[in-house]
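Here are the chains, one letter per residue:
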Amino acid sequence: MGITEKINDLRDIKSWHGEMPVQYLYTYGIAGEKLFRAIKDEKKFLATKCPDCNFVYLPPRIYCQECFTNLENSWREVENKGEVHSFTIVYLDIENKPLDVPEVIALIRIKGTNGGFIHKLGEINPEKVNIGLEVKAVFKEKREGNILDIQYFKPV
Amino acid sequence: MRKAAIVGMGYTVPQTITPQLSYREMIFEAAVKAYENSGIHPKDVQSFICVSEDFLEGVSIFDEYVPDQLGANLKSVHTISADGIFAIISGFLQILTGKFDIVLVEAHSKASNILNPNEVIAFAQDPVYNQPLRLNPHYIAGLEMNRFLYSSGNTREQCAKVVVKNKKNALKNPLSAYPAKIEIEDVLNSALLSDPLRKMDKSQHADAACVFILASEKIAKSITPNPIWIKGAGWCSDDPSLETRNWDEAVYAKLSARQAYKMAGIQNPKQINLAEIDDSYSYKELQHLESMGLCRKGESGLLLEEGYFEHDGSLPVNISGGNLGAGFLFEASGAFKIVELILQLSKEAGCRQVKNASLGLAQVWRGVPTATGAVIILERED
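This one's a predicted model, so the numbers in the text were calculated from it and none came from an experiment.

**Focus on the interface of chain A and chain B**
Piece 1. Facing 46 residues of chain A, the contacting portion of chain B comprises 45 residues.
Piece 2. Here chain A packs against chain B, burying approximately 4,000 Å² in sum over the two surfaces, 68% of which is carbon and sulfur.
Piece 3. Summed over the three residues of chain A that lose the most area to chain B, namely Met1(A), Ile94(A) and Ile118(A), the buried surface amounts to 19% of that side.
Piece 4. Counting across the chain A and chain B interface gives 2 salt bridges.
Piece 5. Across the pair Glu29(B) and Lys6(A) runs a salt bridge whose closest N-O atoms are separated by 2.7 Å.
Piece 6. Summed over the shared surface of chain A and chain B, the number is 18 residue pairs in polar contact (both at pLDDT 80 or more).
Piece 7. Elements with a minimum of two residues in the side of chain A that touches chain B: helix 1 (29-42), strand 4 (81-92), strand 5 (98-110) and strand 6 (116-120) of chain A.
Piece 8. Tallied by class, residues from the side of chain A that touches chain B come to 28 nonpolar, 12 polar and 6 charged.

**So, the environment of Leu303(B)**
All names here are of chain B.
Piece 1. Looking at the secondary structure, you find leucine 303 in helix 12 (residues 300-305).
Piece 2. Taking the relative accessible area as the measure of exposure, leucine 303 reaches 13% and is therefore buried.
Piece 3. In this structure, the C-alpha to C-alpha distance between leucine 303 and aspartate 382, residues 79 residues apart in sequence, is 31 Å.
Piece 4. Sequence-distant contacts of leucine 303, defined by excluding residues within four places in its chain, comprise Cys295, Tyr308 and Phe309.

**Concerning the domain arrangement of chain B**
Residue and element names in this part refer to chain B.
Piece 1. According to the domain assignment, chain B consists of domain 1 (4-115 + 206-228) and domain 2 (125-203 + 229-380).
Piece 2. Taking only C-alpha atoms into account, the centre of domain 1 sits 23 Å from that of domain 2.
Piece 3. On the domain 2 side, the residues contacting the 40 residues of domain 1 number 40 residues.
Piece 4. When domain 1 packs against domain 2, the two sides together hide about 3,200 Å² of surface, and 79% of this comes from carbon and sulfur.
Piece 5. On the domain 1 side of the interface with domain 2, the three residues burying the most area are Ile85, Phe86 and Ile228, jointly 22% of the side's total.
Piece 6. Across the domain 1-domain 2 interface, the total number found is 1 salt bridge.
Piece 7. Glutamate 53 is paired through a salt bridge with arginine 366; the nearest N and O atoms lie 2.6 Å apart.

Definitions and cut-offs
Residues numbered from 1 in each chain as written. Chains lettered and ligands numbered in written order. Predicted model: local features only at pLDDT ≥ 70, side-chain atom pairs only at ≥ 80, totals over all residues. Heavy atoms only, no water. Contact = heavy atoms within 4.5 Å. Buried area = accessible area lost by both parts, 1.4 Å probe. Salt bridge = Lys/Arg side-chain N within 4 Å of Asp/Glu carboxyl O. Polar contact = N/O pair within 3.5 Å; in protein donor to acceptor, adjacent residues only side chain to side chain. Helix = DSSP H or I, 4+ residues; strand = E, 2+ residues; numbered from the N terminus. Nonpolar A, V, L, I, M, F, W, Y, C, P; charged D, E, K, R; others polar. Buried < 20%, exposed > 50% of the residue type's maximum accessible area, 1.4 Å probe, protein only. Domains from an automatic or database assignment.

The structure is reproduced here in structure tokens:
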């Protein structure tokens, strides 16, 4: 057993360059549909709240992950304000090349929910961001019903 | 409870690239060694468990390509995702059924084959809420590190010291791809990736394959006089949503450790005298130590500075070099943590030998954007 002849000349290394050209439609489902319709049409955030454990889901879900309670009829509007739960300043793009302008990305804990959004912070000096900073959503004028309808969050 | 043991293993040396072998040949090399070292023949093995993640191999249904290089053709092959520790746990569970006496477990990484690994990691994010931002996925570690420093009180310098310790430990480990003697300043001055995360805070990938032979209590001693017993195991998955999970603690690590301690009958984690844990990013080692109760909250950085986790400290951590020193081995990272534990528990760790190593813990995390991990506790035959 074992390999007795090994490649030991770099010029003998060969490979095939392959690619996975796959595409998907990720359907939003009941919860996502409702949230993004509200964002697109009314610039509003909708969440679901579990009547048993009081966990408020944003992004919304139609089931509670703790209690397994059905949340299809437990919707509520929440503010489009929140606070920075954490933030980071991203310097490289997805190909590890330096970004022209570093981006400030935050996990924004939306008021009245146990969740929120991961998004950009705008109209702010990166040095002035801190955990706990109050921010609110800025929406695009032309919205399509997706997460990028939010342009960024800015300080209140 | 002594029901299943690891009775043999074989592995290739972690390398940054492996262009001279196909991934199947690399696994074959590890398998040959495992069979030779344990005296087991493929026909003796009743079940094979492999770990794979299709996007890491670049073949959907990758696990179709595992049997032949392991001697598993026309046998029962079971593939799981995540990591080698999960695979060992699956093998352990199969043996506990009483239906299997010898199980082979395999894990590997040929990450050098992936031309754009960031895309693979980015693709693991929620496609509706997170992927569209098209960010370098390590931003998630940047967010978590910032929150960790804020809520634990540990410092960037202490995180940098984890990198220094682990790369230094790797200098004594032939099974490592990134050993180095560096200073804290080298880490703090390395290029910013996603502030506060810098380039040197993040482990770099490596290739390797690892095969273990597991045996039931009934026959373990007939294969080796020194089986390494699986005393406890735990595995846990937290909220997949970044937006709603707890960012102040590695809850998956806390709960999987708790499950493992309970199974092992360990009342006080201080009984653990050797640990190989996830340090995919520098701060994760400190976060995992605290979450698993191996030290108190907020104390990990201070204890690190006092030498508590060094080779001659009270709890040697990542003597192998961890992911930072040995290389991030994707699904094989947990496997190589187990290799180090076995070498230590078997008193075969040479210049890395920890004197009183008798009860070891290995822990793994699936990496961003996941909140999943596993823990295994191993004990030598006395």
